[in-house]
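Working through the structure, step by step
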Amino acid sequence: REIPQEGREFTYSQETGELNKSLQDLIGQNPYQVHFKITPMGNTFDLKGQVSTSMDLPCSLCAIEFKFPVHLNLNELLMIEKPLGKGDQMTRANHAHEWEAEGPDYIILPSDTFDVAGYIHEMVALSEPI
């Protein structure tokens, strides 16, 4: 509800400190830079931006710690949808957009509140190699 029609930009870093606690278990004391813009599109919101940081990981061959660079491009559609009621069901077929790596993905939110810290934490965690 607070986002104007032209959108709103958000920037977070180690200096601003908003995400320090939520990212500490993944990146330790490494610096990070998060920048994204949320733009309303009818009843959905378009989120586009970047995340840049590094993770301290052990090498799987020699066990020496190294800094694994993380550079993510964010491209999401945020959709607000009330949770299903008791006895409601939802079916979903495979969609062609799931095969494309370049297009936006979507996140269904139960309310108009978006947890930036949780979202960025999960995106960084998913970038860790197996």
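This is a predicted model, so every value here is computed, not measured. (Residues numbered from 1 in each chain as written. Predicted model: local features only at pLDDT ≥ 70, side-chain atom pairs only at ≥ 80, totals over all residues. Heavy atoms only, no water.)

Comments concerning the overall build of the protein
When helices and strands are tallied, the protein shows 2 helices and 5 strands. Walking the protein from its N terminus toward its C terminus, one meets helices and strands in the order β-α-β-β-β-β-α. Within the protein, the fraction of its 130 residues that count as buried is 28%. Contacts in the protein between residues far apart in sequence, at least 24 positions, make up 58% of those at least 6 positions apart. About 9200 Å² of surface is accessible on the protein, with carbon and sulfur atoms providing 54% of the total. (Helix = DSSP H or I, 4+ residues; strand = E, 2+ residues; numbered from the N terminus. Buried < 20%, exposed > 50% of the residue type's maximum accessible area, 1.4 Å probe, protein only. Contact = heavy atoms within 4.5 Å. Areas by Shrake-Rupley, 256 points an atom, 1.4 Å probe, with all protein chains shown as cover.)

Considering the sheet that holds strand 1 (residues 8-13)
Spatially, the 5 strands line up as an open sheet ordered 1-2-3-4-5, and their pairing is mixed. What marks the edges here is a single partner per strand, and that holds for strand 1 and strand 5 (105-109). When strand polarity is set aside, the average angle formed by the axes of neighbouring strands in this sheet is 30 degrees. Those strands touched by helix 1 (residues 20-27) are strand 1 and strand 3 (44-58), and its axis lies near 45 degrees from that of strand 3. (Pairing = 2+ DSSP bridges. Axes fitted to C-alpha atoms, helices over the stretch in contact; angles between N-to-C directions.)

A few points about the nonpolar core
Core analysis: the largest hydrophobic core is formed by 25 residues, its most contacted members being Tyr12, Leu19, Val34, Phe36, Ile38, Ile120 and Val124. Those elements that provide at least two residues to this core are strand 1, helix 1, strand 2 (33-41), strand 3, strand 4 (65-80) and helix 2 (116-126). Considering each element in turn, this core owes the most residues, 5 residues, to strand 3. Those residues in contact with Leu19 that lie beyond four places of it in its chain are Tyr12, Tyr32, Val34, Val116, Ala117 and Ile120. (Core = buried A, V, L, I, M, F, W, Y, C linked by side-chain atoms within 4.5 Å.)

Some details on unusual backbone geometry
Across residues other than glycine, the phi torsion is negative in most instances, and most of the peptide bonds are trans. At Ala63, a residue that is not glycine, the phi angle is positive and equals roughly 65 degrees. Mapped onto the fold, Ala63 is located in the loop between strand 3 and strand 4. Classification of Ala63 as exposed rests on a relative accessible area of 56%.

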